[in-house]
Amino acid sequence: MRRALPPLRALLGAAGPVRLPAPRGMCGRPAERSGHSALSALPSFGFLFDIDGVLVRGKTPIPAARTAFQKLVNSQGQFLVPVVFVTNAGNCLRQNKADQLSHLLGVPISQDQVMMSHSPLRMFKHYHEKCVLVSGQGPLLDIAQDLGFCQPITIDTLREKRPLLDAVDHDRRPKVLSPSAVELPKIEAVVLFGEPVRWETSLQLIIDVLLTSGYPGNPYEQQNHPHIPVLACNMDLMWVAEAQSPRFGHGTFMVCLENIYKKITGKDLKYEALMGKPSRLTYQYAEHLIRAQALQRSWEQPIQTLYAVGDNLMTDVYGANLYNRYLQESSRTGPKSLLQAKASVGRGSATLPQDHEISLSWENELASAAAARCRSVLVCTGVYSPHPEVPPDSRDSIAGAAFHGHRDFRFDPGLVEPDHIVPDVDAAVDLVFQLENFVPN
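Below is a short write-up of the structure. It should be emphasised that the depicted structure is a prediction, and the values quoted were computed from it without experimental measurement. (Residues numbered from 1 in each chain as written. Predicted model: local features only at pLDDT ≥ 70, side-chain atom pairs only at ≥ 80, totals over all residues. Heavy atoms only, no water.)

Right, let's get into the overall build of the protein chain. Helix and strand content of the protein chain: 12 helices and 15 strands. In the protein chain, buried positions account for 52% of the 441 residues. Taking the intrachain contacts of the protein chain between residues at least 6 apart in sequence as the baseline, contacts between residues at least 24 apart amount to 77%. For the protein chain, the exposed surface amounts to about 19400 Å²; the carbon and sulfur share of it is 53%. (Helix = DSSP H or I, 4+ residues; strand = E, 2+ residues; numbered from the N terminus. Buried < 20%, exposed > 50% of the residue type's maximum accessible area, 1.4 Å probe, protein only. Contact = heavy atoms within 4.5 Å. Areas by Shrake-Rupley, 256 points an atom, 1.4 Å probe, with all protein chains shown as cover.)

Take a look at the structure:
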């Protein structure tokens, strides 16, 4: 069982003696070796690296990141262990993110090592031929088409075709108040890639789509439940950039959308799928990419342990521990089909798509040869602070215990306790090499 960490005790309002983390050591639960008795030059483990707060802050690389990645590649620039960058960002293509990381870290990174929050949407083939409304920022149409969607429509396009719908900003209201005669296909699903720029516009038009069964501009329907499917990527309430305090993330936008929908209809907004950390689907897909790398490099030793390195208790640590729990359950009950896995836990309806929505080949690829364990490694360079202010008042302690995860994921104190806490990503790499008795060639 993991030992409760002092910052977590403060967060959860728990009493007990304070134990400060060692400066570059192994905190959380006591260090566990992965069972290798001899030094090894072939990896039986892989890294899942978060990006924001672990490798960079905004566009500025964290100094320890370059040092860490020099240890992870050989003189030819080849990775010595399988590495996947698992980010909840969704505002660019994988190749663009790979190019950015290559520049920032000083090592060659391919797009096959990058997993954006929206990457699992490649499996949702049932929606690829449908007209879908996409929300977020960046090259949305390019991203949607790269994922397989044939008929994406953006919020900006919908606003252009239905100019009367966007009325919050008085300066953007149309001068001629006449309804548009432009025909639009029925919108059959909403895909939330990430936080948009104009929240009021996106909130209004998404609500319009949901309450008109895909025909925005029509009067709201009295019976609009269940609404058309909503697929959401990235549930981060907050994230860290150059500012001293965390910034609103897409999870904050989702909180707004959920509460507006419920305020209007009296019913909960339901998600067809939730992806991005901490969803189990994200980690299962990331493991698939890890195995693909090992196969490409002809590393015959099975990948037994995944080390998820992140800075956020409610996404990185929660997700890694949740996936580890799934792996432990799978080892006891036998292999589980991907279609039996849930994308989240709790009261929501966020499950993986039905049989006709995932091809059998994807099911086989993602469900076979699962790792034995997934370990969470928390760094102190992002959202997480090892020395939070301890609230002097019990009421403040209760407020400090607020769960920042998505509403469809139940709060479990055990899931936000990391296996290890280290100062930065360089210390994380050193720690894992030590635990695995790994000596690079």
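Let us look at the sheet that holds strand β4 (residues 83–86). Here we have 6 strands laid out as an open sheet, ordered β5-β4-β1-β13-β14-β15, and parallel in their pairing. Taken across any chain shown, the strands that pair with only one partner, and hence form the sheet edges, are β5 (114–115) and β15 (420–422). Bridge count between strand β1 (residues 45–49) and β4: 3 bridges; the pairing is parallel. From the neighbouring strand, Leu48 faces β4, where its bridge partner is Val84. Strands in contact with helix α12 (residues 425–435) are β1, β13 (305–310), β14 (373–379) and β15; relative to β1, the strand with the most contacts, it is inclined by about 165 degrees. (Pairing = 2+ DSSP bridges. Axes fitted to C-alpha atoms, helices over the stretch in contact; angles between N-to-C directions.)

With that out of the way, let us pick up the sheet that holds strand β12 (residues 273–275). A sheet is described by the order of its strands in space; here 5 strands give the open sequence β7-β6-β8-β9-β12, paired in parallel fashion. Here the strands that pair on one side only, and so sit at the sheet edges, are β7 (151–154) and β12. If you compare each strand with its neighbour and ignore which way they point, the axes differ by 20 degrees on average. Sitting on the sheet, helix α4 (residues 140–147) is in contact with β6 (131–135) and β7, with an inclination near 160 degrees to β7.

Attention now goes to helix α9 (residues 313–333). Between its first and last C-alpha atoms α9 spans 28 Å; for 21 residues at 1.5 Å apiece the expected length is 30 Å, and the two agree. Of the residues flanking the start of α9, the one acting as N-cap is Asn312, its side-chain oxygen 2.9 Å from the backbone nitrogen of Met314. (Expected span 1.5 Å × (residues − 1). Polar contact = N/O pair within 3.5 Å; in protein donor to acceptor, adjacent residues only side chain to side chain.)

This brings us to the packing of helix α6 (residues 199–211) against helix α7 (residues 250–265). At a closest axis distance of 10 Å, the pairing of α6 and α7 adopts a crossing angle of 45 degrees. If you check the angle between α6 and α7, you find them oblique. You can see that α6 and α7 cross each other, and the crossing is right-handed. For the pair α6 and α7, contact is made by Trp199, Ser202, Leu203, Ile206, Ile207, Leu210 and Leu211 and by Thr252, Phe253, Cys256, Leu257, Ile260, Tyr261, Ile264 and Thr265, respectively. Residues belonging to the contact of α6 with α7 are distributed by class as follows: 12 nonpolar, 3 polar and no charged. (Parallel < 35°, antiparallel > 145°, perpendicular 65-115°, else oblique. Left-handed = near helix turned anticlockwise from the far one by under 90°. Nonpolar A, V, L, I, M, F, W, Y, C, P; charged D, E, K, R; others polar.)

Scanning all chains against the criterion turns up 1 cavity of 30 Å³ or more. Listing elements by their share of the lining of the largest cavity, those giving two or more residues are β1 and β13. The leading source of residues in the lining of the largest cavity is β13, at 3 residues. Residues belonging to the lining of the largest cavity are distributed by class as follows: 6 nonpolar, 1 polar and 3 charged. (1 Å grid on protein atoms, 1.4 Å probe; cavity = no way out; pocket = protein on both sides within 12 Å on 5 of 7 lines; lining within 4 Å. Points joined across faces, edges and corners; volume = space filled by probe spheres on them.)

Contact pair helix α2 (residues 63–70) / α12: the axes reach a minimum separation of 7 Å and the direction vectors enclose 30 degrees. It follows from the interaxial angle that α2 and α12 lie roughly parallel. Contact residues: α2 offers Ala64, Ala65, Thr67 and Ala68, while α12 offers Val425, Asp426 and Val429.

All right, on to the packing of aromatic side chains then. For the structure on display, the rule yields 16 aromatic pairs. Measuring from ring centre to ring centre gives 6.4 Å for Phe45 and Phe433, while their planes differ by 70 degrees; the resulting arrangement is edge-to-face. With Phe45 in strand β1 and Phe433 in helix α12, this residue pair connects regions lying 388 residues apart in the sequence. What makes Phe433 buried here is its relative accessible area of 11%. Ring centres of Tyr318 and Phe409 lie 6.0 Å apart, and the angle between their planes is 75 degrees; on these two criteria the pair is classed as edge-to-face. With Tyr318 in helix α9 and Phe409 in the loop between α11 (394–400) and β15, this pair connects stretches of sequence that are 91 residues apart. As far as burial versus exposure is concerned, Tyr318 and Phe409 are alike and both buried. Every member of this aromatic cluster is reached through a ring pair, and the members are Phe45, Phe47, Phe49, Phe69, Phe79, Phe85, Tyr307, Phe433 and Phe438. (Phe/Tyr/Trp six-rings, centres within 6.5 Å; stacked < 30°, edge-to-face > 60°.)

A few words on the nonpolar core. Counting 43 residues, the largest nonpolar core has Phe47, Phe49, Leu55, Phe69 and Phe85 as its most contacted members. The contacts of Phe47, once residues within four sequence positions are left out, are Leu72, Val81, Pro82, Val83, Val84, Ile290, Tyr307, Val309, Val429, Val432 and Phe433. (Core = buried A, V, L, I, M, F, W, Y, C linked by side-chain atoms within 4.5 Å.)

This brings us to the pairing of β4. Neither face of β4 is left uncovered, since the one carrying Val83 and Phe85 and the one carrying Val84 and Val86 both have all their residues buried. One ladder, built from 2 bridges, connects β4 with β5; its direction is parallel. Following the sheet pairing, Val86 is matched in β5 by Met115. The handedness of the β4 to β5 crossover, carried by helix α3 (residues 94–105), is right-handed. (Right-handed = clockwise from strand over helix to strand, strands pointing away.)

Note on pairing: side chains with opposite charge can pair once their charged atoms come close. Inspection of every chain in the model, using the stated rule, returns 15 salt bridges. For Arg172, the salt bridge goes to Asp166, with nearest N and O atoms at 2.8 Å. Judged by relative accessible area, which is 24%, Arg172 ranks as partly exposed. You can call Asp166 buried: its relative accessible area is 2%. Of the charged contacts in the structure, one is a salt bridge between Arg325 and Asp412, with a shortest N-O distance of 3.1 Å. Taken as a pair, Arg325 in helix α9 and Asp412 in the loop between α11 and β15 lie far apart in primary sequence, 87 residues in all. Overall, Asp412 belongs to the buried group, its relative accessible area being 17%. One network of salt bridges, in which partners are shared, links Asp50, Lys277 and Asp316. (Salt bridge = Lys/Arg side-chain N within 4 Å of Asp/Glu carboxyl O.)

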